[in-house]
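Structure at a glance
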Amino acid sequence: MANFKGHALPGSFFLLFGLWWSVKYPLQYLSQKVNKKSHRIYCFQRVDAIEGGIKIIFALIGMLAEQFVPDGPHLYLYSGENRDWVKLMNWQHTTMYLFYGLSGVVDVFTYISQVVPQGLDRLMLSMAVFVEGCLFYYHVLHRPMLDQHIHSLLLIAIFSGACSTMLEVFLRDNIVLEMFRAGVTIVQGTWFWQIGVVLFQPWGGLVWDENDHSNIMFLTMCFFWHSAAAVAILAINYTLAYCCIQRCRRGSGEPYIGLGVRQQKRDTSSQAAFLNGSDEE
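Summary of the structure given here.

Before going further, it helps to examine the nonpolar core. A general trend in soluble globular proteins is that nonpolar side chains are found buried together. Grouped together as the largest cluster of nonpolar side chains are 40 residues, with contacts concentrated most on Tyr100 and Trp191. Of all elements in the fold, only helix H1 (4-34), helix H2 (38-68), helix H3 (88-112), helix H4 (120-137), helix H5 (145-170), helix H6 (175-200) and helix H7 (213-252) reach the threshold of two or more residues within this core. Considering every element that reaches this core, the biggest residue donor is H6, with 10 residues. For tryptophan 191, the residues in contact, after removing those within four places along its chain, are Ile150, Leu153, Leu154, Leu219, Cys222, Phe223 and His226.

Shown next, in the form of structure tokens:
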């Protein structure tokens, strides 16, 4: 959809997944670092399967919205005697949602079947992100300068996410790569909204001059403000996850992160007491 809603819808999907990953992966990493119980790993695998189901639902919503809006193609790829293409922009968005839906299917099958090779879920997600990048690269050719530039900034986040997700195929459960993917996904989500606001002014206001170089300079700077905000969100959520796990460990009496320092002090004091006792004998 070449309007604000057409950018807000995928932006909301990406933003929700990015925020969720920024909470999920710190919890998974910190909990497994403290206590490597198999049932906890199994719980996170179940979460991955549920996440895949949600991904499928979001993809279906996106495809239906692109195809069956009043001015959509309604599943017609071409029409008329000249066989003219029908709403190829909507078809490109539908293709993007299709690959994310396939990624969700692989997530579910990875959980319910042992036959699926490990890492195939990350490979399919990387392919979906790469397809999204290719579609958007050719999406804005021969468009006004501002339109091209604001979408090219989106490509930075997209291809960065595709590369980091591909690395996860070989470096499984790497917290740095997982948090990086969460961050660039958050940036994708917020930047989709930014594109919609700049190009379509949903709440009114002055129209952006598409040939003013100052607007391009500002939007470039604004993109990195979005990136800085994503980094802040990652840091806050990681800290909250750490504090949450610490509190849960103290409440249940289980060992918690940071206990090694206290244990070392306790061992040192015990050793000193033992040596004093030996001297007295």
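There's more to say after this.
A few words now on the packing of H1 against H3. Running from N to C, H1 and H3 cross one another at 25°; their axes reach a closest spacing of 12 Å. Taken together, the axis directions place H1 and H3 in an arrangement best described as roughly parallel. In this structure, the crossing between H1 and H3 has a hand that is left-handed. Contact residues: H1 offers Leu9, Pro10, Phe13 and Phe14, while H3 offers Met96, Tyr97 and Tyr100.

Applying the stated criterion to the full structure yields two cavities of 30 Å³ or more. Put simply, the largest cavity is a space of about 240 Å³. If you go around the largest cavity, you meet 19 residues; those closest to its centre are Phe13, Phe14, Phe17, Lys55 and Tyr100. At the level of secondary structure, the elements contributing two or more residues to the lining of the largest cavity comprise H1, H2, H3, H4, H5 and H6. Broken down by element, the lining of the largest cavity gets its largest block of residues, five residues, from H1. A breakdown of the residues in the lining of the largest cavity according to their chemical character gives 13 nonpolar, four polar and two charged. There is about 30 Å³ of room inside the second largest cavity. Around the second largest cavity, the lining residues are Ala2, His7, Met89, His139, Arg143, His151, Leu199 and Phe200.

Attention shifts here to the pattern of salt bridges. Two side chains bearing opposite charge may form a pair once their charged atoms approach each other closely. Tallied over the entire structure, the rule returns eight salt bridges. The partner of glutamate 168 in a salt bridge is arginine 122, and the shortest N-O contact between them spans 3.0 Å. Taken together, the residues span a long stretch of sequence, with glutamate 168 in helix H5 and arginine 122 in helix H4 at a distance of 46 residues. Of the two residues, glutamate 168 and arginine 122, both sit in the buried class.

The rules behind the values
- Residues numbered from 1 in each chain as written.
- Predicted model: local features only at pLDDT ≥ 70, side-chain atom pairs only at ≥ 80, totals over all residues.
- Heavy atoms only, no water.
- Core = buried A, V, L, I, M, F, W, Y, C linked by side-chain atoms within 4.5 Å.
- Buried < 20%, exposed > 50% of the residue type's maximum accessible area, 1.4 Å probe, protein only.
- Helix = DSSP H or I, 4+ residues; strand = E, 2+ residues; numbered from the N terminus.
- Contact = heavy atoms within 4.5 Å.
- Axes fitted to C-alpha atoms, helices over the stretch in contact; angles between N-to-C directions.
- Parallel < 35°, antiparallel > 145°, perpendicular 65-115°, else oblique.
- Left-handed = near helix turned anticlockwise from the far one by under 90°.
- 1 Å grid on protein atoms, 1.4 Å probe; cavity = no way out; pocket = protein on both sides within 12 Å on 5 of 7 lines; lining within 4 Å.
- Points joined across faces, edges and corners; volume = space filled by probe spheres on them.
- Nonpolar A, V, L, I, M, F, W, Y, C, P; charged D, E, K, R; others polar.
- Salt bridge = Lys/Arg side-chain N within 4 Å of Asp/Glu carboxyl O.

Geometric values such as these leave the question of function open.
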